[in-house]
Amino acid sequence: MTGSRVVALGHYQPAKVLTNDDLAAMVDTSDEWITSRVGIKTRHVGGPDEPVDEMAAHAAAKALAAAGLDSADIDLVLVATSTAIDRSPSMSARVAARLGMASPAVMDINVVCSGFTHALATADHAIRAGAANRALVIGADKMADIADWTDRSTCVLLGDGAGAAVVVADPRGDADAAPGIGPVLWGSVPEMGRAVRIEGTPPRFAQEGQAVYRWATTQLPPIARKVCEKAGVAPEDLAAVVLHQANLRIIEPVARKIGAVNAVIARDVVDSGNTSAASIPMALSKLVERGEVDSGAPALLFGFGGNLSYAGQVIRCP
């Protein structure tokens, strides 16, 4: 069976930065209140001329350039997003058009905050099944479009951005020391699905913050350890842990309970806020770009959130 591996990454964020002090001028909040509760200092916010597919295409172009590939080399495009307003053309089709692709398979995946790790697993499965050879896997969300800017408990969390990975067939499979994608462990808690919501016309983001916090900090660490077990990697051997960048008060205790004592812990939430499906590929792309994790080193990717869904895998870094 052919395995797959991530060979390159890319990310994109809008130029406009919204600080905690900026938010304090909009709603009843403060830098101290936001920092102490969620650990976020800044977030990037896209304008009306920066739709989701444009951000996604920028991140994808950067990843393709890093991989030394042309858009024509890609035969599968997966975009994880929950902020697509139109049903058709899909975000993946729009990205393919922006990049001038000829005839790739295109598919959007909406699992909200765990969308990227679901999409990465889907690309891995497609390559293993022989349905694709080279895939673009993108997480992109424009959370500013669905934020309730009058709700201080949620608007302080959200940011915009996109991250992309180029995934290719690796005939050597996961047993080889070269970068690979390990088996996914995924699931959900349907009866608690309404704890994170994007509903209405126009759609607005809302959540039951305490319920999400309790679920994430108590239920997810043993699941994340099982992801490592499925990949045959001990938590202490991880070089990096990239969790969904929801809240620093979730990221730090979950990472500690996983037992990844030697790993770099991604904390991009401090500068970027919660970018939903974009958060994991953006954070990983930045770690790799800054040289904080070595090529071939094992990294745990673990998404969680909307639908109270989760998905994780251990990959070898490009």
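Cut-offs applied
Residues numbered from 1 in each chain as written. Predicted model: local features only at pLDDT ≥ 70, side-chain atom pairs only at ≥ 80, totals over all residues. Heavy atoms only, no water. Helix = DSSP H or I, 4+ residues; strand = E, 2+ residues; numbered from the N terminus. Rg over C-alpha atoms; globule rule 2.2 N^0.38 Å. Buried < 20%, exposed > 50% of the residue type's maximum accessible area, 1.4 Å probe, protein only. Contact = heavy atoms within 4.5 Å. Areas by Shrake-Rupley, 256 points an atom, 1.4 Å probe, with all protein chains shown as cover. Lys, Arg positive; Asp, Glu negative; His and termini not counted. Charge placed at Lys NZ, Arg CZ, Asp CG, Glu CD. Polar contact = N/O pair within 3.5 Å; in protein donor to acceptor, adjacent residues only side chain to side chain. Pairing = 2+ DSSP bridges. Axes fitted to C-alpha atoms, helices over the stretch in contact; angles between N-to-C directions. 1 Å grid on protein atoms, 1.4 Å probe; cavity = no way out; pocket = protein on both sides within 12 Å on 5 of 7 lines; lining within 4 Å. Points joined across faces, edges and corners; volume = space filled by probe spheres on them. Nonpolar A, V, L, I, M, F, W, Y, C, P; charged D, E, K, R; others polar.

**Student:** Would you mind going over the overall build of the chain with me for this structure?
**Tutor:** Broken down by element type, the chain carries nine helices and 14 strands. Taking 2.2 N^0.38 as the reference for a compact globule, 318 residues should give roughly 20 Å; the C-alpha atoms of the chain span a radius of gyration of 18 Å, in line with that estimate. Expressed along its principal axes, the backbone C-alpha trace of the chain runs to roughly 55 × 45 × 40 Å. Taking all 318 residues of the chain together, the buried fraction comes to 58%. In the chain, the share of contacts with a sequence separation of at least 24, taken over all contacts with a separation of at least 6, comes to 77%. With an accessible surface of roughly 12400 Å², the chain has 49% of that area assigned to carbon and sulfur atoms. Considering the chain, the positive charge centre built from 28 side chains and the negative charge centre built from 35 side chains are found 4 Å apart.

**Student:** Could you clarify how one ought to interpret helix α7 (residues 248-258) in this entry?
**Tutor:** Every α-helix winds through 3.6 residues per turn, so residues three or four apart in the chain are directed the same way. Listed in full, the buried residues belonging to α7 are L248, I250, I251, P253, V254, A255 and I258. A side-chain oxygen of the first residue of α7 lies 2.7 Å from the backbone nitrogen of R249; this N-cap is N247. At the exit of α7 stands G259, carrying a positive phi of roughly 90°.

**Student:** What is the right way to look at the sheet that holds strand β8 (residues 185-188) in this model?
**Tutor:** Sheet strands line up and pair through hydrogen bonds in the backbone, either parallel or antiparallel. Ordered by their spatial adjacency, five strands build an open sheet running β8-β14-β13-β11-β12, and the pairing between neighbours is mixed. Here the strands that pair on one side only, and so sit at the sheet edges, are β8 and β12 (264-265). Bridging between strand β11 (residues 240-243) and strand β13 (residues 298-305) involves four bridges; their strand directions are parallel. Considered in β13, the bridge of V242 is made with L301. Contacts between α7 and the sheet are confined to β11, β12 and β13, with β11 contributing the most and set at about 135° to the helix. On top of the sheet, helix α9 (residues 279-289) reaches β11, β12, β13 and β14 (309-316); it is set at about 150° to β11, its chief contact.

**Student:** Is there a simple way to explain the layout of surface pockets in this structure?
**Tutor:** Picture a little ball the size of a water molecule; that probe, rolled over the atoms, points out where space is still empty. Quantified by volume, the largest pocket comes out at close to 420 Å³. In this structure, the largest pocket is lined by 23 residues; those nearest its centre are V38, L157, Q207, G209 and N247. Elements represented by at least two residues in the lining of the largest pocket include exactly α2 (31-38), β10 (204-207), α6 (209-231), α7 and β13. Take the lining of the largest pocket: its biggest share by element is four residues, from α6. In terms of residue class, the lining of the largest pocket is built from 12 nonpolar, nine polar and two charged. Considered as a void within the structure, the second largest pocket measures approximately 300 Å³ in volume. Lining the second largest pocket are 16 residues; nearest its centre among them are S82, A84, I85, D86 and N110.

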